[in-house]
Amino acid sequence: MTRRQLLAYIPAAAALRSSRAADVPFEHIDTHTHIHRIVPELFAALEKDQWRCLSICVSRAIGDQASDLDEQIRGSAEVHRATKGRIAWATAFDARGFEDRDFAPRTIAAIQKAFDEGAIGVKIWKNIGMGIRGKSGYLLPDNAALSPVFDAIQKADKTLIAHIAEPDGAWMPIDKNNPEFGYYSQHPEWNMHNRPEMPRKDAILEARDRMLARHPKLRVVGCHLGSDEEHWDRLAKRLDTYPNFAVDMAARVRYFVRGDHEHARRFLTKYQDRVLYGTDFVLGSEDAAAAVHDIERPHNWDRQFFATKDTLTFRNSQTQGLGLPDSVVRKIFRENALRWLPGITAAA
Ligand SMILES: [Zn+2]
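In what follows, the accompanying structure is described. All of these numbers come straight from a predicted model, not from anything done at the bench.

### Describing the overall build of the chain
Broken down by element type, the chain carries 14 helices and 13 strands. The C-alpha radius of gyration of the chain comes to 21 Å, within 12% of the 20 Å expected for a compact globule of 348 residues. With respect to the three principal axes, the spread of C-alpha positions in the chain is 75 × 45 × 45 Å. By the burial criterion, 52% of the 348 residues in the chain qualify as buried.

### A few points about unusual backbone geometry
Phi at L225 is positive, roughly 55 degrees, even though this residue is not glycine. Its place among the elements puts L225 in helix α9 (residues 223–226).

### Thoughts on the pattern of salt bridges
According to the stated counting rule, one finds 26 salt bridges in the structure shown. For D49, the salt bridge is made with K48, and the minimal N-O distance between the two is 2.9 Å. Residue D49 is classed as partly exposed on the basis of its relative accessible area, which comes to 28%. Residues R254 and E180 are paired through a salt bridge, measuring 3.0 Å at the closest nitrogen-oxygen approach. Highlighted residues: R254 in helix α11 (residues 253–258) and E180 in the loop between β7 (159–162) and α7 (181–186), separated in sequence by 74 residues. Of the two residues, R254 and E180, both sit in the buried class. Connected through shared salt-bridge partners, R208, D209, D228, R234 and R238 make up one network.

### Considerations on the layout of surface pockets
In this structure, the largest pocket occupies an estimated 1,100 Å³ of space. Around the largest pocket sit 37 residues that line it, and A251, R252, T279, D280 and F281 are the ones nearest its centre. When contributions to the lining of the largest pocket are tallied by element, the ones reaching two or more residues are β1 (28–34), α7, α11, β11 (281–282), α13 (288–307) and β12 (311–314). Here the lining of the largest pocket takes five residues from α13, the largest share from any one element. A class-by-class count of the residues in the lining of the largest pocket yields 14 nonpolar, nine polar and 14 charged. Taken as a whole, the second largest pocket holds about 370 Å³ of empty space.

### Things to note about the nonpolar core
In terms of nonpolar packing, the biggest core is built from 88 residues, with F256, F267 and F306 touching the most fellow members. For this core, the leading source of residues is α13, giving seven residues. Contacts of F256, omitting those with residues within four sequence positions, involve L225, W232, M249, H261, A264, F267, L268, F305 and F306.

### Description of the coordination of the zinc ion
For the zinc ion, the protein coordination sphere consists of H32 (NE2), H34 (NE2) and D280 (OD), at 2.1 Å. Summarised as a motif, the one-chain spacing of the donors to the zinc ion is H-x1-H-x245-D. Pair noted here: H34 is in strand β1 and D280 is in the loop between β10 (275–276) and β11, with a separation of 246 residues, a long-range link. You can call H34 buried: its relative accessible area is 5%. On the basis of relative accessible area, D280 is assigned to the partly exposed category, the value being 23%.

### Observations concerning empty space enclosed by the protein
Counted under the stated rule, the structure contains two cavities of 30 Å³ or more. Lining the largest cavity are S59, A61, F93, D94, A95, K123, I124, W125, N127, I128 and I132. For the lining of the largest cavity, the residue count by class is seven nonpolar, two polar and two charged. Here the second largest cavity defines a volume of roughly 30 Å³. In terms of lining residues, the second largest cavity is bounded by P141, D142, N143, S147, F150, M211, R214 and H215. Among the residues making up the lining of the second largest cavity, the classes are represented as three nonpolar, three polar and two charged.

### Some words on the sheet that holds β7
Sheets are built from strands that pair by backbone hydrogen bonding, the pairs being arranged parallel or antiparallel. Taken together, nine strands build an open sheet; the order of strands is β10-β9-β8-β7-β4-β3-β2-β1-β11 and the sheet is parallel. Edge strands, defined here as strands with exactly one partner in the open sheet, are β10 and β11. Two strands pair when backbone bridges link them, and β1 and strand β2 (residues 51–56) are joined in this way by four bridges, in the parallel orientation. For I29, the partnering residue across the bridge sits in β2 and is R52.

Thresholds, definitions, all that
Residues numbered from 1 in each chain as written. Predicted model: local features only at pLDDT ≥ 70, side-chain atom pairs only at ≥ 80, totals over all residues. Heavy atoms only, no water. Helix = DSSP H or I, 4+ residues; strand = E, 2+ residues; numbered from the N terminus. Rg over C-alpha atoms; globule rule 2.2 N^0.38 Å. Buried < 20%, exposed > 50% of the residue type's maximum accessible area, 1.4 Å probe, protein only. Salt bridge = Lys/Arg side-chain N within 4 Å of Asp/Glu carboxyl O. 1 Å grid on protein atoms, 1.4 Å probe; cavity = no way out; pocket = protein on both sides within 12 Å on 5 of 7 lines; lining within 4 Å. Points joined across faces, edges and corners; volume = space filled by probe spheres on them. Nonpolar A, V, L, I, M, F, W, Y, C, P; charged D, E, K, R; others polar. Core = buried A, V, L, I, M, F, W, Y, C linked by side-chain atoms within 4.5 Å. Contact = heavy atoms within 4.5 Å. Donors = N, O, S within 2.8 Å, 3.2 Å for Na, K, Ca; no water. Pairing = 2+ DSSP bridges.

What follows is the structure, given as structure tokens:
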């Protein structure tokens, strides 16, 4: 065969290869769920569908609210064992005591115990920046009190999962023009409009960035597109500046659906190693069949949206899938999770 003849074959061979790659099923990973109790039907559905999940504990309490964190931790460790590791888990800590003298040793001992029970990461939540305050004012993510905890997470080779700040809608009036009307009409306590005493969004994100810079070896996954859901160029700059930072898209796929699809494709292709798939599925008190439906629906829809150019229905209107290359889809739905959340597929 001459070189010319050989070259003539390459496009066909490449097309064959890519259609084969699309056909090869792989196990998908949802890196952002909240599953803290045993529901065998849900676990069976995940196994049948070949999905894995990360169940994340959250310390939501502020002020003198009661905390349910211990229950979440106990439940998550149990779910992890019951699913033989199909559902991995991440722990959390209550940051309210950050001014206590024994805060760091106490917190580090608690997260170490969770690591011993298989936790692969530690979550911090938006109450750091938007809710917890001490004598010196609101606690921000770069507070020195948190530093030894972050060091301990890094030394244990675990990942920090950081939901810091909120979508821009948190600083807008709660009305129909607010892109997050659904959430803030239900949770006005997290809406910061007309609350000048609270830290601004950019101040909170800049504090998070200083934390990223101070802990360059700490892997950090920023939840919800790092709260830059409407600012992909700004997020791109942050990803360029902080190589230890990746983001999940939990509960934010709709920003890609509603946004400019060409821009979305460019962003996701350029940062294909830095974006993780997640849903923010919450296992509430619904029955098992409803829970199965609630997790399978986004898994299937989102997969189709990113992987195909199919016409899809989104909230009573039509949209088209992004049709990302198979290699990118595989990174977003699996390989990035393996790299940014080591241990996520470990057996329990
Ligand atoms: Zn969540």
